[in-house]
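Summary of the model geometry
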Amino acid sequence: MRLTMAWAELDPSGRPSATPPVLSALDGSGTVQSAAAWQDQRPAIRQALEETVYGTMPPGGEARLVERRVVDDAYLDGLAVLEDWDIAVTAIHHGQASAPALLRMAVMIPAGQMDAPVILMETFCRNHNTFPDAGLSRPEGEGMCDGDGVVSGIMGYVFGRYITTPPLEEIARRGYAIAAFHPGDIVPDDAARAQAALDEIAAGLPDDGARPGAIAAWGWLFSRAVDVLEADDRFSGSDIISWGHSRYGKAALVGTAWDERIDGVIAHQSGTGGAALNKAKRGESVGEITRSYPHWFAGNYAAYAGREDALPVDQHHLLALIAPRPVFLGNARRDVWSDPSGTFIAAQGADPVWELLGRQGLDQETLASFDPQADISFFIRPGTHGITEEDWPAFLDFLDAHFR
Ligand code: GCU
């Protein structure tokens with residue numbers, strides 16, 4: 001794929017850029033020139049992203065481990081231990097906790113390892129799909145891939161071999177733990193059913209077009225998972241890397257941008273509302289995404305459909321909030337809907353913050369020159385939307401480069 005535009009060409013008319021450089025202070029007071037000034041800038045960027053795109057992040061929250069069951073202490077022929085964790089998640093508003101909701105997290109730990117880096121995954125399917133035939137409990141209620149194996153077979157056919165189950169043995173062999181959960185346990189991915197859960201999480205916030213959508217809530221769930229992982233001695237020295245595909249890639253970026261306890265992120269094909277710019281856009285537009293998935297975003301985001309230039313921030317700001325931590329951005333050539341070139345331009349746009357913080361951010365000139373060592377690692381493969389043979393080796397090379 002040819003990169004159609006570069007960051008510097010976004011506004012060829014020479015007008016002041018509608019896509020402000022990441023180091024331009026949002027209040028117009030000039031250019032951010034030091035790490036300290038960048039720290040001062042971050043709250044304003046977060047606030048603008050909350051007000052215009054995601055909604056206010058849930059005001060507070062905590063998670064408590066209710067029960068931990070060892071499902072198999074010699075999982076994968078002894079390569080790992082598999083556990084099933086029941087976690088009570090509460091949102092906290094004005095010091096008041098909401099009623100606890102149950103999140104089920106499956107945790108795979110490479111045998112005999114303390115402090116293994118943890119791949120913290122939000123999955124489309126439920127945990128018994130992520131770890132098939134392991135004897136995990138099968139909760140009631142539908143997820144995209146519940147039912148019999150046929151459904152996950154179709155998912156795999158359409159979205160690639162690894163959409164339901166990652167290459168577990170390879171991951172365990174390379175020394176990574178997995179903590180996986182389906183965020184639909186707490187906020188279902190369905191406009192009608194999501195509302196009650198979102199109202200619970202957002203209680204106490206004004207009804208002003210900036211109430212959190214599901215992506216903010218799913219992002220917040222990454223933090224709740226970190227709460228319980230950090231409380232477990234076996235992970236007290238672990239790096240935690242958030243991982244998500246597509247809609248959950250959007251959530252992984254948001255969760256990581258908002259929570260500095262997360263050490264890095266793998267966001268695969270996150271697209272619109274994820275790593276791809278809203279302005280100068282190919283693929284899915286703001287109008288399309290907010291019509292199809294009204295529950296994902298703040299109400300305000302829909303009002304920018306067709307007038308994206310009026311947004312005070314763009315998605316390079318979201319990426320920049322993650323600096324100086326490592327970011328992997330996965331793409332596929334024919335997945336134009338997720339806008340790989342808009343993602344590359346956003347990475348270019350965020351890059352100056354890594355440099356300001358003394359790191360090498362994006363270290364590639366073209367979309368194809370993937371460098372897993374770089375702190376912003378842009379990856380593109382042939383094919384379409386999904387998780388295929390090529391993707392996990394790239395994720396693991398990136399993880400090895402930064403977390404082993
Ligand atoms: C749809 C949606 C995308 C999203 C994707 C996914 O295609 O339009 O924004 O990323 O689903 O989650 O797979």
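Just so you know, these numbers come straight off a predicted model, no measurement behind them.

**Quick look at the UniProt feature "domain: 4-O-methyl-glucuronoyl methylesterase-like" (unreviewed entry) in the chain**
- Per the UniProt record, "domain: 4-O-methyl-glucuronoyl methylesterase-like" (unreviewed entry) is annotated on residues 209–358.
- With 42% helix and 11% strand, the stretch residues 209–358 has end C-alpha atoms that lie 38 Å from each other.

**Examining helix H12 (residues 340–356)**
- In this model, H12 (17 residues) spans 25 Å end to end at C-alpha, consistent with the 24 Å of a helix rising 1.5 Å per residue.
- Where H12 bends most, at alanine 350, the angle is about 35 degrees, and the proline proline 352 comes one to four residues later.
- When you tally the buried positions in H12, you get 13 out of 17 residues, the bulk of the element.
- Positive phi shows up at glycine 358, right after H12, with a value of about 80 degrees.

**Observations concerning the pairing of strand S5 (residues 118–122)**
- Counting buried residues along S5, five of its five residues qualify, which places the element largely inside the surrounding structure.
- Burial of S5 is two-sided: the residues Val118, Leu120 and Glu122 facing one way and the residues Ile119 and Met121 facing the other way are all buried.
- The pairing of S5 with strand S6 (residues 177–181) spans five bridges and is parallel. Residue isoleucine 119 lies in a different strand from S6, and its bridge partner there is isoleucine 178.
- Across four bridges, the pairing between S5 and strand S7 (residues 240–245) is parallel. Within the sheet, the bridge partner assigned to methionine 121 lies in S7 and is tryptophan 243.

**Section: the packing of helix H7 (residues 214–230) against helix H8 (residues 247–258)**
- It is at 7 Å that the axes of H7 and H8 come closest, and there the two elements cross at 60 degrees. Of the possible angle classes, the one that applies to H7 and H8 is oblique. When you trace H7 past H8, the crossing you get is right-handed. Two secondary-structure elements touch here, H7 through Ile215, Trp218, Gly219 and Phe222 and H8 through Arg247, Tyr248, Lys250, Ala251, Ala252, Val254 and Gly255.

**Details of the pairing of S7**
- Counting buried positions along S7 yields six of six residues, so the element is predominantly enclosed.
- Covered by surrounding structure in S7 are Ile240, Ser242 and Gly244 together with Ile241, Trp243 and His245, the residues of both alternating faces.
- Direction of pairing for S7 relative to strand S8 (residues 264–268): parallel, over a ladder of five bridges. If you follow histidine 245 over to S8, its bridge partner there is histidine 268.

**Focus: the site of the ligand**
- The environment of the ligand is made up of Phe124, Ser246, Arg247, Lys250, Glu284, Ile289, Tyr293, Trp296, Trp337 and His385.
- Lysine 250 is positioned such that a nitrogen or oxygen atom in its side chain is 2.9 Å from an oxygen atom of the ligand.
- Side-chain polar atom of glutamate 284 to an oxygen atom of the ligand: 2.5 Å apart, as the coordinates give it.
- Taking 320 Å² as the accessible area of the ligand by itself, protein coverage stands at 89%.
- Of the residues belonging to the shell around the ligand, the class tally is five nonpolar, two polar and three charged.

**Remarks on the nonpolar core**
- Judged by nonpolar contacts, the single largest core of 121 residues is most densely connected at Met105, Met108, Leu120, Phe131, Val187, Leu329 and Trp392.
- The dominant element in this core, judged by the number of residues it contributes, is H7, at twelve residues.
- Ignoring any residue separated from it by four or fewer positions in sequence, one finds tryptophan 392 in contact with Ile119, Met121, Tyr162, Pro166, Pro167, Ile171, Trp243 and Ile387.

**A closer look at the environment of valine 89**
- Relative to the helices and strands, valine 89 is located in strand S2 (residues 80–93).
- When neighbours within four sequence positions are excluded, valine 89 is seen to be in contact with Glu62, Ala63, Ala99, Pro100, Ala101, Leu103, Ile186, Trp220, Leu221 and Arg224.

Criteria and cut-off values
- Residues numbered from 1 in each chain as written.
- Predicted model: local features only at pLDDT ≥ 70, side-chain atom pairs only at ≥ 80, totals over all residues.
- Heavy atoms only, no water.
- UniProt positions renumbered as here; feature names shortened; annotations may be inferred.
- Helix = DSSP H or I, 4+ residues; strand = E, 2+ residues; numbered from the N terminus.
- Expected span 1.5 Å × (residues − 1).
- Bend = angle between axes of the 7 residues up to and from the residue.
- Buried < 20%, exposed > 50% of the residue type's maximum accessible area, 1.4 Å probe, protein only.
- Pairing = 2+ DSSP bridges.
- Axes fitted to C-alpha atoms, helices over the stretch in contact; angles between N-to-C directions.
- Parallel < 35°, antiparallel > 145°, perpendicular 65-115°, else oblique.
- Left-handed = near helix turned anticlockwise from the far one by under 90°.
- Contact = heavy atoms within 4.5 Å.
- Near = heavy atom within 4 Å.
- Polar contact = N/O pair within 3.5 Å; in protein donor to acceptor, adjacent residues only side chain to side chain.
- Areas by Shrake-Rupley, 256 points an atom, 1.4 Å probe, with all protein chains shown as cover.
- Nonpolar A, V, L, I, M, F, W, Y, C, P; charged D, E, K, R; others polar.
- Core = buried A, V, L, I, M, F, W, Y, C linked by side-chain atoms within 4.5 Å.

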